[in-house]
Amino acid sequence: MIKKYLYSTLLVTTAPCFGACKDSDDGGDDPIDTGHNIEIITDILTKAQVHKTFKANESLSVFATTDPNHLDGELIKKDVTATFDGAKWNFSQLIPLKEGGIPAYVYATSPVVVGVTDMGKIPVDITKQEDVLYSGAKVAVSYNSNKAKLTMKHALSLATFNISKQGYSGAGNLTKLVVEGTPVYSKGTLTVDKAKFTGTEKGRISVDINKQINEKGWNTGIPNIWVAPFVTLVDTAYLHAVIDGKEYVTRFPSVEMKSGFQYIFRLILTRLGLEFIPSQTETISLNKEDDEMQVPEGYGLLTIKHNAPAFLIPSLIGDAPFGTIDWGDGTTESYGVGAVKDYGSKSNHVVVLESWNSTGFELKTLDGIEELDLSEY
């Protein structure tokens, strides 16, 4: 993984303190020592193309506790925000350190959260499509060493969708992408130290897009969606794409998404629908900004006329074949070994199997098949 570090120093401006100065949220009288407040330096690890550097008026939530073992331990100050002014960072409240006192332990998250007292339950609203950062393991500071160096990391997964068209006659104007399904959460909480995500609410994650789909896909400006890490090895997730005013739905391939990684999915748009290319899914660090799409080979159309009440799709042969099934009754679905359509009664239907990476196929039975068209296979 290529690590790209961007540096910013968060400095605390201190004012002279005479007599008794307050350092507690409830107006207590504990003395603080001028010039010995917490400072932090942040490194941003593998910043994605959607957010390369901190800009003026961007902010972090900064947490400090004297409890090294529990994320729900009492905070020294609550709701502390550090805001970048374009040159340095300024704290909304000073976080003092006492001479001879016990160490403090520092964490940070972005974007800013309010009212958080348990760092094991940082709220995340994924529908806002924000690049959520967390600082990781605790960093100790003390009166004589008051500067904490924090390495900010990505808490979410970045799903990227590169689409090419093949045999599609429309303009290919992509206006919306939506991710939804059993493993997809729209809200949840994460831990500030390890970004362990706990979903609290499932829902659809959507972004508006304005991209023109072409025959070769895109190599820059590829559409992205931030998602909570999810797995489709058992549960099913779907991608909805609005293209030329029509909504296409296709099932995610098997994938195990993790925080801090970008997943580039390649898809093909045809007259029959939209399909993932499972063999071309790529997992990379969030540094990568461009992409080069390889159009799969072995394209073919297999057309079968039959009168069977239930029809078993032929099994494709080849290296990771994939495709779309048009069942001839107005419904389509992604190809899968053993896919069956129950029509309910004996009637005539024309099934079209569109495939890539296929070198042949196997029919389990010829019962009910009236015509087999291999002219485009």
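Remember, predicted model here, so these are calculated numbers, not experimental data.

## Focus: the side chain of threonine 109
Then, in step 1: Along the polypeptide, threonine 109 turns up in strand 6 (residues 104-110).
Then, in step 2: A residue is classified by how much of its surface remains accessible, and threonine 109, at 2% relative accessible area, is buried.
Then, in step 3: In this view, threonine 109 contacts Leu60, Ser61, Phe63, Ile122, Leu133, Met152 and Val192; residues no more than four positions away in its chain are not counted.

## Considerations on the sheet that holds strand 13 (residues 185-190)
Then, in step 1: The sheet built from three strands is open, its strands ordered 7-13-14 with antiparallel pairing. In this open sheet, the two edge strands, each paired with only one partner strand, are strand 7 (122-125) and strand 14 (197-202). Across the sheet, the mean angle from the axis of one strand to that of its neighbour is 25°, orientation sign disregarded.
Then, in step 2: By the bridge criterion, four bridges tie strand 7 to strand 13 in an arrangement that is antiparallel. Looking across to strand 13, one finds that aspartate 125 is bridged to lysine 187.

## Remarks on the confidence of the model for the protein
Then, in step 1: For the protein, the mean per-residue pLDDT works out to 85, and 85% of the residues sit at or above 70.
Then, in step 2: Contacts for the low-pLDDT stretch residues 1-34, under 50 throughout, to residues beyond four places or in other chains number 83 contacts.

## Considerations on a nonpolar patch on the surface
Then, in step 1: Nonpolar side chains collect at one region of the surface, where Val231, Leu233 and Val234 lie side by side and expose about 300 Å² of accessible area between them.
Then, in step 2: Checked against the element boundaries, valine 234 lands in the loop between strand 16 (224-227) and strand 17 (237-243).
Then, in step 3: According to the relative accessible area criterion, valine 234 is exposed, its value standing at 77%.

## So, the environment of isoleucine 264
Then, in step 1: Position of isoleucine 264 among the secondary structure elements: in strand 19 (residues 261-269).
Then, in step 2: Along the sequence, isoleucine 264 and proline 223 sit 41 residues apart, while their C-alpha atoms lie 9.9 Å from each other.

## Focus on the side chain of serine 315
Then, in step 1: One can find serine 315 in strand 24 (residues 315-317).
Then, in step 2: Using a relative accessible area of 14% as the deciding quantity, one classes serine 315 as buried.

## Topic: the packing of aromatic side chains
Then, in step 1: In the structure shown here, the tally under the stated rule is ten aromatic pairs.
Then, in step 2: Here tyrosine 299 and tryptophan 356 contribute two aromatic rings whose centre-to-centre distance is 5.3 Å and whose plane-to-plane angle is 50°, an arrangement assigned as tilted. Of this pair, tyrosine 299 sits in the loop between strand 21 (282-285) and strand 22 (300-306) while tryptophan 356 sits in strand 28 (residues 349-356); the two residues are 57 residues apart in sequence, bridging distant segments of the chain.
Then, in step 3: Assessed through its relative accessible area of 33%, tyrosine 299 is described here as partly exposed.

## A short note on the pairing of strand 6
Then, in step 1: Counted residue by residue, strand 6 has seven buried out of seven residues, so it is predominantly covered.
Then, in step 2: Burial along strand 6 is two-sided: Ala104, Val106, Ala108 and Ser110 facing one way and Tyr105, Tyr107 and Thr109 facing the other are all buried.
Then, in step 3: Bridge analysis of strand 6 against strand 8 (residues 133-134) gives two bridges, and the strand direction is antiparallel. Its bridge partner being in strand 8, threonine 109 is matched across the sheet by tyrosine 134.

## Here's the deal with the pairing of strand 3 (residues 59-65)
Then, in step 1: In terms of burial, strand 3 is largely enclosed, as seven of its seven residues are buried.
Then, in step 2: Judged by which residues are buried, strand 3 turns out to be covered on both faces: Ser59, Ser61, Phe63 and Thr65 on one side and Leu60, Val62 and Ala64 on the other are all buried.
Then, in step 3: As paired elements, strand 3 and strand 4 (residues 80-84) share four bridges and run antiparallel to each other. By the bridge assignment for strand 4, serine 59 is matched with threonine 83.
Then, in step 4: When strand 3 meets strand 6, the two strands line up antiparallel, connected through five bridges. Considered in strand 6, the bridge of serine 61 is made with threonine 109.

## A short note on unusual backbone geometry
Then, in step 1: Note that the residue after serine 110, namely proline 111, is joined by a cis bond; omega there is 5°.
Then, in step 2: Within the secondary structure layout, proline 111 lies in the loop between strand 6 and strand 7.
Then, in step 3: A positive phi is found at asparagine 57, a non-glycine position, where the angle reads about 80°.
Then, in step 4: As for its placement among the helices and strands, asparagine 57 is situated in the loop between strand 2 (39-44) and strand 3.

## Here's the deal with the sheet that holds strand 25 (residues 322-326)
Then, in step 1: Read from one edge of the open sheet, five strands run 26-25-28-22-30, paired in antiparallel fashion. A strand with exactly one partner marks an edge of an open sheet, and here the two such strands are strand 26 (332-334) and strand 30 (369-376). Averaged over neighbouring strand pairs, the angle between their axes works out to 15° when direction is ignored.

About the cut-offs
- Every chain's residues receive numbers from 1 upward, in the order its sequence appears when written.
- The model is predicted, so local features are restricted to residues of pLDDT at least 70 and side-chain atom pairs to those at 80 or more, both for listing and for counting; the totals for chains, interfaces and linings are taken over all residues.
- Side-chain measures here rest on the full set of heavy atoms in the structure, leaving out hydrogens and waters.
- Helix and strand labels come from DSSP, where a helix needs a run of H or I of at least four residues and a strand needs a run of E of at least two; each type is numbered from the N terminus.
- The buried label applies to any residue whose accessible area, calculated with a 1.4 Å probe on protein chains only, is under 20% of its type's maximum; exposed applies above 50%, and partly exposed to all values in between.
- Contacts: residue pairs with any heavy atoms within 4.5 Å of one another.
- Two strands qualify as a pair provided that DSSP identifies no fewer than 2 bridges between them.
- The convention used is that axes are lines fitted to C-alpha atoms, helices contributing only their stretch in contact, and that angles between N-to-C directions extend from 0 to 180 degrees.
- Along the chain, pLDDT gives the predictor's confidence residue by residue, from 0 to 100.
- Distance thresholds for patches are 9 Å for like charges and 5 Å for nonpolar side chains (Val, Leu, Ile, Met, Phe, Trp, Tyr), applied to residues having over 30% relative accessible area and no salt bridge.
- Only the protein chains shown count as covering a residue, and every accessible area follows the Shrake-Rupley method with a 1.4 Å probe.
- Each reported salt bridge corresponds to a side-chain nitrogen of Lys or Arg within 4 Å of a carboxyl oxygen of Asp or Glu.
- Within 6.5 Å between ring centres, the rings of Phe, Tyr and Trp (the latter by its six-membered ring) count as paired, and their orientation is classed by plane angle as stacked under 30 degrees, edge-to-face over 60, tilted in between.

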